Amino acid sequence: MATVDRWQLPDGVEEVLPAQALVVERLRRQLLDLYRSWGYQLVIPPLMEFTESLLIGLGSDLDLLTFRMTDQLSGRTLGIRADITPQVARIDAHSLAETGITRLCYAGSTLHTRPQSLLASRSPIQVGAELYGDDTLAADVEVIRLMLATLDTVGMHEMTLDLGHVGVYEAVLANAGLDGEREATVFDALQRKSRPDLELALADMDPAIIRLITGLLDLHGDESVLDGARATFAEAVPEALAAVDALQQVAAAIRRLRPGLTIYFDLAELRGYHYHTGIVFAAYVPDHGQALANGGRYNNVGKVFSRARPATGFATDLKALMTLFSVTQIERGAISAPDLDTPGLVARVGELRAAGEVVISCLSGSPDPRCDRQLVEVDNEWLLQPLQS
Amino acid sequence: MALTKGRILKETLPLLARAGIEPLEDIAKSRKLIFATNHDALQLVVIRGTDVPTYVRHGAAELGVVGKDILLEHGAEGLYEPLDLGIARCRLMTAGPVGWQARGSRVRVATKFANIARRHFAAQGVHADVIKLYGAMELAPMMNLADLIVDIVDTGNTLRANGMAPLAEIASISSRLIVNKAAMRSHYAHIQGLIDSLSAVVGEV
């Protein structure tokens, strides 16, 4: 390889330079402190695990996203985590094995074999929180509130909360009794909200069933969608109404605390349909083409670790959050100190650093450009004086 | 809104006009890339079809008009495609020299639509060696570069003029309205209004 190319990083893999690293780390600390203040305990799962424990049915996408290699010690296949959620589910189900409610949070790097969306990082820093052991809507509401608080912390105030419930599609699907192949086509068309493709896929079905399934296409928008769903499904698929009621209750609970929040309902949102079991949600901000944070209920995933537990949670990507800040200027306000061992100076520098100041030794040449003050000895005392830049 | 230039643009503009959306200047006579319309909140950009899904997926454009062939070839992940505009209709077909017979277990296929071709032949249980070309597909079998081609067929005149015949239809193609997922959420009322007014005039032109 020509030396010219040695600086190059793989596509979708980036380094975070000082100005932005400061932001990322500050966010990480703020968010983990936030979760701690809500009672979520930090866990630090390992970077790699056996694929059997990483790929536990949280979607086939995850399978393709995971880098694998052979463990030289056991001969088994190792995966580098592409998602931390399964690891936290394992910790809850097996390592902690508590019977009550467990609240856990985490922050860590993940690797993706390919970017999840155009221009997405292949090495995101995933931050999230999970709540295990409670199957009530109150748990869903708590987790959604925590996700909104996460975006508040980051300074995103103008956001849209996306709410859905896999139970609606599930009930409609069970009612329609489609075969496997057709179900896949219907699923694909619904995800793209493609009316023409959906009508084509259902062309020879009973008109009543066609009406129900294509009805899902219109069930997105503001809260009136829920009434629309009741009207559409009341007679034919009463099983779907429980999910609609759940959505209404969750929305009402969120509204009580945030009257101004825009809530968008989408009863045909099928992200993670294969493992989600209830309310699903996401947060969108203007001018960002992807969801900034998302989550949902995924009960019983712990079953593979021999303990099925109710579960809900959310995650976001710190690097995606970082791109929403435009940080260019370096942080100023540091103090320059001469590079001497004088006891008085060493003590003074120690005090200042302990007080949270940044003190930079002036080794050779001029003081670091971040400094706007300097330590100067006046009558055996080290005083802070402004530094002319 | 990102529009596909060429034939699709010619058929899109009358449809938009029916829905009450008109560019403030003649797109055909201008070298500009962005055009204001009689709606303050709506601007039109005119780009190549393959670029339309890219603009919309990134959210650079909130809506787009693009042929179904492009969506089939490049995937429609991250997009909504709520409306068939029913314009620029054509068929995506396999074609071969008149009287062509399959020999052996593999075929060489020349096409602009490599993914669609690979999927189509795989579904038939045929191993296809796909040769990606950017134009004049009909030439490939004549020059013995390929056995078959996969291409857009409108009238079939080009095929006939080169001693070829259409074989199987892979998909019938028309232009679709596509929408960015995030835009659908943040500007729901506006975008749904636009979809409704376009859907009301589909088939009128």
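Residues numbered from 1 in each chain as written. Chains lettered and ligands numbered in written order. Predicted model: local features only at pLDDT ≥ 70, side-chain atom pairs only at ≥ 80, totals over all residues. Heavy atoms only, no water.

A.B. asks: So what exactly am I meant to see when it comes to the sheet that holds strand S10 (residues 164-173) of chain B here?
C.D. replies: Strands in a sheet are paired, the pairing made by backbone hydrogen bonds, and the direction either parallel or antiparallel. All names here are of chain B. As summarised here, the arrangement of the five strands in space is S8-S7-S9-S6-S10, forming an open sheet in which the pairing is mixed. A strand with exactly one partner marks an edge of an open sheet, and here the two such strands are strand S8 (127-132) and S10. Across the sheet, the mean angle from the axis of one strand to that of its neighbour is 30 degrees, orientation sign disregarded. Pairing analysis gives eight bridges linking strand S6 (residues 90-97) to S10, with the strands arranged antiparallel. Note that in S10 the partner of leucine 92 across the bridge is alanine 171. (Pairing = 2+ DSSP bridges. Helix = DSSP H or I, 4+ residues; strand = E, 2+ residues; numbered from the N terminus. Axes fitted to C-alpha atoms, helices over the stretch in contact; angles between N-to-C directions.)

A.B. asks: Could you clarify how one ought to interpret helix H7 (residues 180-191) of chain A in this entry?
C.D. replies: Because an α-helix packs 3.6 residues into every turn, residues spaced three or four apart end up facing the same way. Residues and elements named next belong to chain A. Its 12 residues place the ends of H7 17 Å apart at the C-alpha level, agreeing with the 16 Å of an ideal helix rising 1.5 Å per residue. Among the residues of H7, Arg182, Val186, Phe187, Ala189 and Leu190 are the ones counted as buried. For H7, the angular spread of the buried residues around the axis is 165 degrees, confining them to a single face. Among the exposed residues of H7, those oriented more than 90 degrees off its buried face are Gly180 and Glu181. Taken together, the buried residues of H7 touch helix H6 (166-176), helix H8 (195-201) and helix H9 (207-218). Positive phi appears at lysine 193, one or two residues downstream of H7, with a value of about 50 degrees. (Expected span 1.5 Å × (residues − 1). Buried < 20%, exposed > 50% of the residue type's maximum accessible area, 1.4 Å probe, protein only. Arc of directions from axis to C-beta. Contact = heavy atoms within 4.5 Å.)

A.B. asks: Looking at this model, I keep getting lost on the interface of chain B and chain A. Mind explaining?
C.D. replies: By a widely used convention, the size of an interface equals the accessible area lost when the partners come together. Contact residues are listed per partner, giving 20 residues for chain B and 22 residues for chain A. For the pair chain B and chain A, the summed buried surface comes to about 1,700 Å²; carbon and sulfur atoms form 55% of the total. On the chain B side of the contact with chain A, His58, Arg185 and Tyr188 of chain B bury the most area, a combined 37% of that side's loss. Here chain B and chain A share six salt bridges between them. Inspection of the chain B/chain A interface yields six residue pairs in polar contact (both at pLDDT 80 or more). (Buried area = accessible area lost by both parts, 1.4 Å probe. Salt bridge = Lys/Arg side-chain N within 4 Å of Asp/Glu carboxyl O. Polar contact = N/O pair within 3.5 Å; in protein donor to acceptor, adjacent residues only side chain to side chain.)

A.B. asks: For this particular structure, what's the right way to read the state of the cysteines?
C.D. replies: Linking two cysteines covalently via their sulfur atoms produces the bond known as a disulfide. All names here are of chain A. With the rule as written, the count across this model stands at zero disulfides over all chains. A disulfide-free cysteine, cysteine 371 has its sulfur positioned 7.9 Å from the sulfur of cysteine 362, the nearest such atom. Owing to a relative accessible area of 2%, cysteine 371 belongs among the buried residues under this scheme. (Disulfide = S-S within 2.5 Å.)

A.B. asks: Where do I start with the sheet that holds strand S16 (residues 381-386) of chain A in this structure?
C.D. replies: Residues and elements named next belong to chain A. On the basis of which strands lie adjacent, the open sheet formed by four strands has the order S14-S13-S15-S16 and mixed pairing. Whereas interior strands pair on both sides, the edge strands pair on one side only; in this sheet they are strand S14 (359-362) and S16. Strand-to-strand, the axes of this sheet are offset by a mean angle of 35 degrees, without reference to chain direction. With four bridges connecting them, strand S13 (residues 334-338) and S14 associate as parallel partners. In the sheet register, proline 338 faces S14, and the bridge partner there is cysteine 362.

A.B. asks: Where do I start with unusual backbone geometry in this structure?
C.D. replies: Keep in mind that most residues, glycine aside, have a negative phi and that most peptide bonds are trans. Residue and element names in this part refer to chain A. The phi angle at aspartate 379 is positive, at roughly 50 degrees, despite the residue not being glycine. Looking at the element boundaries, aspartate 379 is found in the loop between strand S15 (371-378) and S16. Relative accessible area serves as the criterion here: at 72%, aspartate 379 is assigned to the exposed category. Notably, asparagine 380 is not glycine yet its phi reads approximately 65 degrees, a positive angle.

A.B. asks: Honestly, the pairing of strand S7 (residues 106-111) of chain B in this entry has me stumped. Any pointers?
C.D. replies: Side chains on a regular strand alternate between the two faces of the sheet. Residues and elements named next belong to chain B. As paired elements, S7 and S8 share six bridges and run parallel to each other. Bridge assignment links arginine 108 to a residue of S8, and that residue is aspartate 129. Running through helix H4 (residues 114-123), the crossover from S7 to the neighbouring parallel element S8 is right-handed. Here S7 pairs with strand S9 (residues 148-153) via three bridges, running parallel. Paired with alanine 110 across the two strands is isoleucine 149, which belongs to S9. (Right-handed = clockwise from strand over helix to strand, strands pointing away.)

A.B. asks: I would appreciate a short explanation of the pattern of salt bridges in the present structure.
C.D. replies: Pairing between side chains of opposite charge can happen when their charged atoms approach one another. The tally for this structure, following the rule as stated, stands at 37 salt bridges over all chains. Among the ionic pairs, glutamate 142 of chain A bridges to arginine 103 of chain A, the shortest N-O distance being 2.8 Å. Here the residue glutamate 142 of chain A occupies a position in helix H5 (residues 137-153), and arginine 103 of chain A occupies one in strand S5 (residues 102-109), the gap between them amounting to 39 residues. In this structure glutamate 142 of chain A comes out as buried when scored by relative accessible area, which is 18%. Judged by its relative accessible area of 26%, arginine 103 of chain A is partly exposed. Taken together, the salt bridges that share partners define one network made up of Asp188, Arg192 and Asp197 of chain A together with Lys68, Glu81, Asp84 and Arg176 of chain B.

A.B. asks: When you look at the packing of aromatic side chains in this model, what are you seeing that I'm missing?
C.D. replies: How two aromatic rings sit relative to each other is given by the distance of their centres and the angle of their planes. Residues and elements named next belong to chain A. Enumeration over the complete set of coordinates arrives at six aromatic pairs over all chains. Ring geometry for tyrosine 35 versus phenylalanine 314: centroids 6.0 Å apart, planes at 85 degrees, classification edge-to-face. With tyrosine 35 in helix H1 (residues 18-37) and phenylalanine 314 in strand S12 (residues 311-317), this pair connects stretches of sequence that are 279 residues apart. For the pair tyrosine 35 and phenylalanine 314, one class covers both residues: buried. Measuring from ring centre to ring centre gives 5.8 Å for phenylalanine 187 and tyrosine 273, while their planes differ by 45 degrees; the resulting arrangement is tilted. One end of the pair, phenylalanine 187, is in helix H7; the other, tyrosine 273, is in the loop between strand S9 (262-266) and strand S10 (279-284), and 86 residues separate them in sequence. In textbook terms, an aromatic cluster arises when at least three aromatic residues are bridged by ring pairs, as seen for Tyr169, Phe187 and Tyr273. Its end group placed over the ring of phenylalanine 50, arginine 76 keeps NZ or CZ at 3.7 Å from the ring centre. The ring of tyrosine 40 has arginine 103 lying over it, and the distance from NZ or CZ to the ring centre is 5.9 Å. (Phe/Tyr/Trp six-rings, centres within 6.5 Å; stacked < 30°, edge-to-face > 60°. Lys NZ or Arg CZ within 6 Å of the ring centre and 35° of its normal.)

Without other data, these values stay purely geometric and don't point to any function.
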